Amino acid sequence: MILPSTVPRIIQKLFPRRVWHIETDQKIAYLSFDDGPHERITPMVLQLLKKHGALATFFCIGDRVNKHPECFDLIKQAGHAIGNHTYHHVNGWKTDPERYVEDVREAHALIGSTLFRPPYGRLTSTQFQRLEQEGFKTIMWTILSGDYDRRLRPDQCAKRVVQALQPGAIILFHDSEKAEMNMMVALEKLLEEGISRGYVFKPLHNN
Ligand SMILES: [Zn+2]
């Protein structure tokens, strides 16, 4: 099954303290990239964003930041926001809260951001509360690009995100090998279309 491009309202309402979109009626949207930094793909994304004057948020995996610190620095230097995507890309549903929070802390030591996105979007209520107590803001998404899904062609992936674009939307992409082909096409299309419709792409922040 290919997941729909937008998260159903009912799911958003079930978890109201997780951030699903940013409240605004202005044409502002929030691009986000999970699973990097990737030494080849992340710089390509940065270049594309720069070309269009767009800023984004990169939810980085601690282990990858450790392996590619220079790439992590490039993201920060370009003015983008950074977020925590755990150290080992752990699945919340399969990890006890203690170990889960410890993994996020381990990533925090390297990443230093209180914006948090759970891998696979999977987080138990206990894990969520523990992280909230530690000052982390859990950021979900409004639009799932599906860039990682091999059943989608690049043009289909592009169409999904462009059609779903709305004020305050948080759009989920991946700067990863699995997503690269779809992501690069869909991102460029979204930037072109979005900007022509008057949208500005901004980074997320925790306040
Ligand atoms: Zn991920």
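This one's a predicted model, so the numbers in the text were calculated from it and none came from an experiment. Per-chain numbering applies: the sequence of each chain, read as written, is numbered from 1 onward. Restriction of local features to residues with pLDDT of at least 70 applies here, the model being predicted, together with a cutoff of 80 or more for giving and counting side-chain atom pairs; totals for whole chains, interfaces and linings are based on all residues. Computation of side-chain values covers all heavy atoms of the structure but excludes hydrogens and water.

Chemist: What exactly am I supposed to notice about the side chain of T57 here?
Modeler: Structurally, T57 can be placed in strand β2 (residues 56–60). Contact definition: two residues touch when any of their heavy atoms are within 4.5 Å. Residue contacts for T57: discarding those within four places in its chain leaves L31, S32, F33, A81, I82, G83, L115, P203 and L204. Strands are runs of DSSP state E lasting at least 2 residues, helices are runs of H or I lasting at least 4, and numbering of each runs from the N terminus.

Chemist: What exactly am I supposed to notice about the packing of aromatic side chains here?
Modeler: Given two aromatic rings, their pairing is described by the distance between the two centres and the angle made by the two planes. Stacked, edge-to-face and tilted labels apply to pairs of Phe, Tyr and Trp rings (six-membered ring for Trp) whose centres lie within 6.5 Å, assigned for plane angles under 30 degrees, over 60, and everything in between, in that order. The full count for this structure, using the stated rule, is four aromatic pairs. Centre to centre, the rings of F33 and F58 are 5.0 Å apart; their planes meet at 20°, and the pair counts as stacked. Of this pair, F33 sits in strand β1 (residues 28–34) while F58 is found in strand β2, placing the two residues 25 residues apart along the sequence. Here the aromatic rings of F33 and F173 are separated by 5.7 Å at their centres, their planes lie at 20°, and the arrangement is stacked. Linking F33 in strand β1 with F173 in strand β7 (residues 170–174), this pair joins segments that are 140 residues apart in sequence. An identical accessibility class is assigned to F33 and F173; each is buried. We call a residue buried when its accessible area falls under 20% of the maximum for its residue type, exposed when it is over 50%, and partly exposed in between, using a 1.4 Å probe and counting protein chains only.

Chemist: In this structure, what is going on with the coordination of the zinc ion? I would like to understand it.
Modeler: The expected angle between donors at a tetrahedral four-coordinate metal is 109.5 degrees. At an octahedral six-coordinate metal it is 90 or 180 degrees. Around the zinc ion, the protein supplies D35 (OD), H85 (NE2) and H89 (NE2) as donor atoms, at distances of 2.0 to 2.1 Å. A donor here means any N, O or S atom no more than 2.8 Å from the metal (3.2 Å for Na, K and Ca); water is not included, so a site may seem to lack partners. All donors to the zinc ion come from one chain, and their sequence spacing reads D-x49-H-x3-H. Across the pair, exposure class does not vary: H85 and H89 are buried alike.

Chemist: What is the right way to look at the nonpolar core in this model?
Modeler: Proteins that are soluble and globular tend to have nonpolar side chains buried together. Here, nonpolar core means buried Ala, Val, Leu, Ile, Met, Phe, Trp, Tyr and Cys residues that are tied together by side-chain atoms lying within 4.5 Å of each other. Core analysis: the biggest nonpolar cluster contains 37 residues, and L31, F33, L49, F173 and L187 have the highest contact counts within it. Setting aside anything within four residues of it in sequence, one finds L49 in contact with L31, F33, A54, A56, F58, H80, L187 and L191. Counting residues in each nonpolar core, the second largest holds 14 residues, with W20, Y30, F59 and L144 among its members.

Chemist: Would you take a moment to explain the layout of surface pockets for this structure?
Modeler: Using protein atoms alone on a 1 Å grid, points that fit a 1.4 Å probe yet trap it form a cavity, whereas open point sets bounded by protein on both sides within 12 Å along at least five of seven lines form a pocket; residues with an atom within 4 Å of a point count as lining. Grid points are joined across faces, edges and corners, and a volume is the space filled by probe spheres set on the points. Reported here for the largest pocket is a volume of approximately 840 Å³. Forming the boundary of the largest pocket are 30 residues, of which L3, Y120, G121, W141 and L144 lie nearest the centre. For the lining of the largest pocket, a count of residues per class yields 17 nonpolar, seven polar and six charged. Here the nonpolar group is Ala, Val, Leu, Ile, Met, Phe, Trp, Tyr, Cys and Pro; Asp, Glu, Lys and Arg are the charged ones; every other residue, Gly included, is treated as polar.

Chemist: Where do I start with a nonpolar patch on the surface in this structure?
Modeler: Taken together, the side chains of I10, I11, L14 and F15 present a nonpolar region at the surface, about 370 Å² in accessible area. Tracing the backbone through its elements, the reader meets L14 in helix α1 (residues 9–14). Its relative accessible area of 56% is what places L14 among the exposed residues. Like-charged residues are merged into a patch within 9 Å and nonpolar side chains (Val, Leu, Ile, Met, Phe, Trp, Tyr) within 5 Å, provided each residue has over 30% relative accessible area and no salt bridge. Only the protein chains shown count as covering a residue, and every accessible area follows the Shrake-Rupley method with a 1.4 Å probe. Salt bridge, as applied in this entry: a Lys or Arg side-chain nitrogen positioned within 4 Å of an Asp or Glu carboxyl oxygen.

Chemist: Looking at this model, I keep getting lost on the pattern of salt bridges. Mind explaining?
Modeler: Opposite charge on two side chains makes pairing possible when the charged atoms of those side chains draw close. Using the criterion set out here, one finds 11 salt bridges in the structure. Taking the shortest distance from any N to any O, the salt bridge between R117 and D34 comes out at 2.8 Å. Here the residue R117 occupies a position in the loop between β4 (115–116) and α6 (125–133), and D34 occupies one in strand β1, the gap between them amounting to 83 residues. As far as the burial class goes, R117 and D34 line up, both buried. Three or more residues are tied together by salt bridges with common partners; here these are E102, R105 and E134.

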